[in-house]
Amino acid sequence: MTETNHDSIAVIIGRAGSKGLPGKNSRMVAGMPMICHAIGHALSARHVQRVVVSTDGEEIARAARSTGVETLMRPPLLANDTASVDGAVRHAIESLQTPERNVVILYANVPVRPSGLVDRAIEHLVSTGADSVQSYEEVGKRHPWWMSRLDDSGRI
């Protein structure tokens, strides 16, 4: 396989309309807007030639532009509660008419990823000839059955 088979574009998706934590993708996490962490993961990947942020939020776009990456404003129909990841990413890829062979989708609201994860995923995709690759975390003790809610006094 040639190195060109690894040519990839990273599309970072970040919606402005979070219900659980409004403005989460542009909120400061460890000294920078949350989306900038995902941008850093994409920029540090050897196999990613192009990074683009797809968003409907001006604060998110401003944070992305500050890093020098391409920013694409997504239409409202692709940024509501029922919009799909597929729709948002397809919009970005079709708008950019990208020549890159592989598409890496990164969520803006994930500020921590294992070192080299993006490159390992692309390498696995190329070496297996798979249609797609996803990363997962072992559930372990973080499984919902192990979680509890605390009342106002701090008791279960």
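Predicted model, so just to flag it, every value in this text is computed and none were measured. Throughout this description, residue numbers start from 1 for each chain and increase along the sequence as written. Selection of residues for local features in this predicted model requires a pLDDT of at least 70, selection of side-chain atom pairs for listing and counting requires 80 or more, and totals for whole chains, interfaces and linings are taken over all residues. Side-chain measures here rest on the full set of heavy atoms in the structure, leaving out hydrogens and waters.

A word on the overall build of the protein. The helix count covers DSSP runs of H or I at least four residues long, the strand count covers runs of E at least two residues long, and both are numbered beginning at the N terminus. Of the regular secondary structure elements, the protein holds four helices and six strands. From first element to last, N terminus to C terminus, the protein shows the α and β order β-β-β-α-β-α-β-α-β-α. To sort residues, take the accessible area from a 1.4 Å probe on protein chains only and compare it with the maximum for the residue type: under 20% means buried, over 50% means exposed, and anything in between is partly exposed. Across the 156 residues of the protein, 37% fall into the buried class. In what follows, residue pairs with any heavy atoms lying within 4.5 Å of each other are defined as contacts. The contacts of the protein with a sequence gap of at least 6 include a subset with a gap of at least 24, amounting to 62%. Element-wise, carbon and sulfur atoms account for 54% of the exposed surface of the protein, whose accessible area totals about 9900 Å². Only the protein chains shown count as cover for residues, and the accessible areas themselves come from Shrake-Rupley with a 1.4 Å probe.

On to the side chain of histidine 6. Of note, histidine 6 is situated in the segment before strand E1 (8-14). Here histidine 6 falls in the buried class, since its relative accessible area comes to 13%. Residues within four places of histidine 6 in sequence aside, it is in contact with His47, Gln49, Asn102, Ile122, Glu123 and Val126.

Take the side chain of arginine 50 next. With respect to the element layout, arginine 50 can be found in strand E4 (residues 48-55). Taking relative accessible area as the criterion, arginine 50 reaches 19% and is therefore assigned buried.

A separate point is the nonpolar core. Core analysis: the largest hydrophobic core is formed by 21 residues, its most contacted members being Ile12, Ile35, Ile39, Val48, Val51, Val53 and Val118. Residue assignment for this core shows that the elements contributing at least two residues are E1, helix H1 (34-43), E4, helix H2 (58-66), strand E6 (102-107) and helix H4 (117-128). The element contributing the most residues to this core is H1, with five residues. Those residues in contact with isoleucine 39 that lie beyond four places of it in its chain are Ile12, Val53, Ala64, Thr67 and Val69. By convention a nonpolar core is built from buried Ala, Val, Leu, Ile, Met, Phe, Trp, Tyr and Cys residues, the set being connected through side-chain atoms within 4.5 Å.

With that settled, the discussion passes to the environment of isoleucine 12. In this structure, isoleucine 12 sits in strand E1. Assessed through its relative accessible area of 0%, isoleucine 12 is described here as buried. Taking the C-alpha atoms as reference points, isoleucine 12 and alanine 38, 26 residues apart in sequence, are found 7.2 Å from one another. Contact partners of isoleucine 12, with chain neighbours within four places excluded, come to Ile35, Ala38, Ile39, Ala42, Val51, Val52, Val53, Ser54, Leu106 and Ala108.

With that out of the way, let us pick up H2. If you check which residues of H2 are buried, you get Ile60, Ala61, Ala63 and Ala64. All buried residues of H2 lie within an arc of 160° about the axis, which places them on one face of the element. Seen from the open side of H2, the exposed residues pointing more than 90 degrees away from its buried face are Glu59 and Ser66. On its buried face, H2 is in contact with E1, strand E3 (32-33), H1, E4 and strand E5 (70-73). A positive backbone phi angle near 90° is found at glycine 68, which sits one or two residues after H2. Think of it as the arc spanned by the lines of direction from the helix axis to the C-beta atoms.

With that settled, the discussion passes to the pairing of E1. Buried residues dominate E1, accounting for seven of its seven residues. DSSP calls a pair of strands paired once it identifies at least 2 bridges connecting them. Pairing of E1 with E4 involves seven bridges; the strand directions are parallel. The partner of valine 11 across the bridge, within E4, is valine 52. Pairing analysis gives six bridges linking E1 to E6, with the strands arranged parallel. The residue of E6 that forms the bridge with isoleucine 13 is tyrosine 107.

Attention shifts here to a nonpolar patch on the surface. Patches here are clusters of residues that have more than 30% relative accessible area and form no salt bridge, with a 9 Å joining cutoff for like charges and a 5 Å cutoff for nonpolar side chains (Val, Leu, Ile, Met, Phe, Trp, Tyr). Only one rule defines a salt bridge in this text: a Lys or Arg side-chain nitrogen within 4 Å of an Asp or Glu carboxyl oxygen. Taken together, Val103, Ile105 and Tyr107 make up a surface patch of nonpolar side chains, about 250 Å² in accessible area. Position of valine 103 relative to the elements: it lies in strand E6.

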